[in-house]
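# Structural characterization, general
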Amino acid sequence: METIGIWIAALLTLGIFSFLYKDNPFYKFCESLFVGISAGYWFVTTFWQVFMPKLADNLIAGRFYYMIGAIFGVLMLLRLFPKIGWLSRWSLALVVGTTAGLYFTRYLVSNGMVQVQNTIIPLYVKGNLSQTIGNLVIVIGTFSGLIYFFFSKEHKGAFGGLAKLGIWFLMLSFGASFGYTVMSRMSLLIGRMDYLLGTWLGLIR
Amino acid sequence: MRRQLPILIVFVSGVFMVIQYFIPHESFEFIYEYAMDWIIIIGIFAMLLGLWSLTRASVSKVQAKAPGWGFSVMTLVGLATMLFLGFYKGNKSIAEGTFFMDLFWYIYTPIQATMFSLLAFYIASAAYRAFRVRTVLATILLVTALIIMLRLIPLGPISGVNQWLASWILTVPNMAAKRAIWIGVGLGATATALKIIFGIERAYMGKD
């Protein structure tokens, strides 16, 4: 099985790489197969690893509150029947409301309060020049970045200058993320090349 | 009933989730735990809708003999195979060493990894196009990316300087820009959550 598996994996890898030349039936075959396999895989694993322990096991253990989740889940499926499809909004409303309430505090605290708190730092650290420069850059960078995202006032004059500085900081950050993305994709590419030339063809060890 | 009740459910569940954060009483924690599990259970039912939608779209394409219908057959074959292999032996079907997991390791994993690795080529071409633009902003982006990428590569005498510079960029100016983005996202998410809870934002209900 392992040998057949390696051959299948190698041919599928070549199929996906063939897209570099142009869109072709070999690539489309791999893509379509991937869609079916991944949908099936995620449904089955979620069913056995999440649905059964969360719902079936709890109901068997007598925790009937879980029936409420199941009822709302079934309501969600009513979307398939146009006449009573509107009932699925109830389950959607529960998901949306709960998530909105949860994210309200979560984002306000972690993205708002904590970040603001961490930016309110001393602009002069006695006897530590690098820390002083670092703190200044952080405060100016965060402030100018926020100015850039403020669209209620026209970006002109001193305000526009700060917004321009903000976009420089943002570009620097995007550059760092870009560098990381390139490195991670290159590492995946090296992994696939290693698979083709090493595991499959045995040319490198 | 069709529109009012969902708005009420959103309001009650949303307000409850906000209140429970400020009152860490065990009865609130009890309901919170249940609510979280209900959401997960509803999500799994929603996955069934996704499977149904994928199957219906593929079957209609095959029935209509639309261009590329053969690829839809492959999607259906892949889906049916995984569902059959994943259920026919109960929960033992997904144990390591089963045919289900073999398909995962020899089909799913290589295709996914290769698709992501394809981006290495496209990202290189994007970098080249950004380089050709020759603006200050594109230069800042590319120079930073270069410093970050060269961080792990031995560069002789300038290796130490480059590593220090990369580390400084990540922890100081990059952190400043990220904070501006995080604060913006935080305020946006908070405002959107409030709009949803108070029924101002109702796009989730669709039309009719």
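Every chain begins its residue count from 1, and numbering advances along the sequence as written. As they are written, the chains are lettered A onward and the ligands numbered 1 onward, keeping that order. Predicted model: local features are reported for residues with pLDDT of at least 70 only, side-chain atom pairs are reported and counted for 80 or more only, and whole-chain, interface and lining totals are derived from all residues. The basis for every side-chain value is the complete set of non-hydrogen atoms in the structure, without hydrogens or water.

### Things to note about the packing of helix 4 (residues 88–119) of chain A against helix 2 (residues 26–63) of chain B
Packing of helix 4 of chain A against helix 2 of chain B leaves a shortest axis separation of 10 Å and a crossing angle of 130°. Accordingly, the angle class assigned to the pair helix 4 of chain A and helix 2 of chain B is oblique. Of the two possible hands of crossing, helix 4 of chain A and helix 2 of chain B adopt the one that is left-handed. Contact with helix 4 of chain A, carried on its side by Ser91, Leu94, Val95, Thr98, Leu102 and Arg106 of chain A, involves Tyr32, Met36, Trp38, Ile39 and Ile42 of chain B of helix 2 of chain B and no other residues of that element. For helices, the fitted axis covers only the stretch in contact; all axes are lines through C-alpha atoms, and the angles between them, taken along N-to-C directions, range from 0 to 180 degrees. Secondary structure is summarised from DSSP: a helix means a run of H or I of at least four residues, a strand means a run of E of at least two, and numbering begins at the N terminus for each. Here the angle decides the label: under 35 degrees means roughly parallel, over 145 means roughly antiparallel, 65 to 115 means roughly perpendicular, and every other value means oblique. Crossing handedness is read from the near helix: turned anticlockwise from the far helix by less than a right angle, it gives a left-handed crossing, and turned clockwise, a right-handed one. Throughout, a contact is declared for two residues whenever any of their heavy atoms are within 4.5 Å.

### A look at the interface of chain A and chain B
Residue-level contacts link 110 residues of chain A with 107 residues of chain B. Reported buried area values correspond to the accessible surface (1.4 Å probe) lost by two parts on association, with both partners' losses combined. When chain A packs against chain B, close to 10400 Å² is buried across both sides, 83% of that on carbon and sulfur atoms. Within 3.5 Å is the distance limit for a polar contact, defined as a pair of N or O atoms, with the added protein rule that one can donate a hydrogen and the other accept it, and that residues adjacent in sequence qualify only through two side-chain atoms. At the boundary of chain A and chain B, one finds 16 residue pairs in polar contact (both at pLDDT 80 or more). Every element with two or more residues in the side of chain A that touches chain B is listed here: helix 1 (2–17), helix 2 (25–60), helix 3 (66–77), helix 4, helix 5 (129–148) and helix 6 (157–200) of chain A. Looking at the side of chain A that touches chain B, the element that brings in the most residues is helix 2 of chain A, giving 28 residues.

### Structural notes on the nonpolar core
Counting 66 residues, the largest nonpolar core has Phe51, Trp90 and Leu94 of chain A together with Phe100, Ile107, Ile111 and Tyr204 of chain B as its most contacted members. Looking at this core, the element that brings in the most residues is helix 2 of chain A, giving eleven residues. Filtering out sequence-adjacent residues up to four positions away, Ile111 of chain B remains in contact with Leu12, Ile16, Cys30 and Phe34 of chain A. Counting residues in hydrophobic clusters, the runner-up holds 17 residues, among them Met171, Leu172 and Phe178 of chain A together with Ile148 of chain B. In plain words, nonpolar cores are sets of buried Ala, Val, Leu, Ile, Met, Phe, Trp, Tyr and Cys residues tied together by side-chain atoms within 4.5 Å. The buried label goes to any residue with under 20% of its type's maximum accessible area, the exposed label to any with over 50%, and the partly exposed label to all in between, with areas taken from a 1.4 Å probe on protein chains only.

### So, the side chain of Ser88 of chain A
Residues and elements named next belong to chain A. Along the chain, the position of Ser88 falls in helix 4. A polar side-chain atom of Ser88 sits 2.8 Å from the main-chain carbonyl oxygen of Gly85. Discounting chain neighbours no more than four positions away, the residues touching Ser88 are Leu75, Met76 and Arg79.

### Let's talk about the pattern of salt bridges
The term salt bridge refers to a pairing of a side-chain nitrogen on Lys or Arg with a carboxyl oxygen on Asp or Glu at a separation within 4 Å. On inspection of all chains with the given rule, the structure shows one salt bridge over all chains. Between Lys54 of chain A and Asp37 of chain B there is a salt bridge, and its shortest N-O distance comes to 2.9 Å. With Lys54 of chain A in helix 2 and Asp37 of chain B in helix 2, the pair connects residues from two separate chains. Taking relative accessible area as the criterion, Asp37 of chain B reaches 10% and is therefore assigned buried.

Nothing here speaks to function; it is geometry throughout.
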